[in-house]
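# Structural features, examined
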Amino acid sequence: MERKLVMSFKDIAGAKFNLIVNSVKDEVTAEEINGIMDAVLETGAIVSKNGALIEKLTAVIVDTTETDFDVQ
């Protein structure tokens, strides 16, 4: 199973932008996630196709599993 952190922001055009971090540690805290999201907004290092990210919307951890199928 893989854990992904999906952080959603609003950009300057009002559109939603998702930033996905793969392989998130089990012990990640809300404070750490908020810190990451604040840093993304403050530094302006990540932008959407519409421009600057201006607001935090949501953050969720998604657990994924894979099921292999024999297709031969």
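Here the structure is a predicted model, which is why all the values come from computation and not from measurement.

### Re the nonpolar core
Listed in full, the ten residues of the largest apolar core are Leu5, Met7, Phe9, Phe17, Leu19, Val24, Ile33, Met37, Val40 and Leu53. Looking at this core, the elements that each hand over two or more residues are strand E1 (2-11), strand E2 (16-22) and helix H1 (30-43). In this structure isoleucine 33 touches Leu5, Val28 and Ala59, once residues within four positions along its chain are discounted.

### Observations regarding the pairing of E1
Sheet analysis places E1 next to strand E4 (residues 51-64), joined by ten bridges and oriented antiparallel. Bridge pairing in E4 places glutamate 2 opposite threonine 64. Here seven bridges tie E1 to E2, and the two strands are oriented antiparallel to one another. Bridging across to E2, serine 8 finds its partner in asparagine 18. Between the antiparallel neighbours E1 and E2 lie four residues, among them glycine 14 with a positive phi of about 90°.

### Focus: the pattern of salt bridges
Across all of its chains, the model carries five salt bridges by this definition. The salt bridge involving glutamate 55 is made with lysine 10; its shortest N-O contact spans 3.2 Å. Taken together, the residues span a long stretch of sequence, with glutamate 55 in strand E4 and lysine 10 in strand E1 at a distance of 45 residues. Each of Arg3, Asp26 and Asp63 takes part in a single network of salt bridges with overlapping partners.

Reading the values: rules and limits
Residues numbered from 1 in each chain as written. Predicted model: local features only at pLDDT ≥ 70, side-chain atom pairs only at ≥ 80, totals over all residues. Heavy atoms only, no water. Core = buried A, V, L, I, M, F, W, Y, C linked by side-chain atoms within 4.5 Å. Buried < 20%, exposed > 50% of the residue type's maximum accessible area, 1.4 Å probe, protein only. Helix = DSSP H or I, 4+ residues; strand = E, 2+ residues; numbered from the N terminus. Contact = heavy atoms within 4.5 Å. Pairing = 2+ DSSP bridges. Salt bridge = Lys/Arg side-chain N within 4 Å of Asp/Glu carboxyl O.

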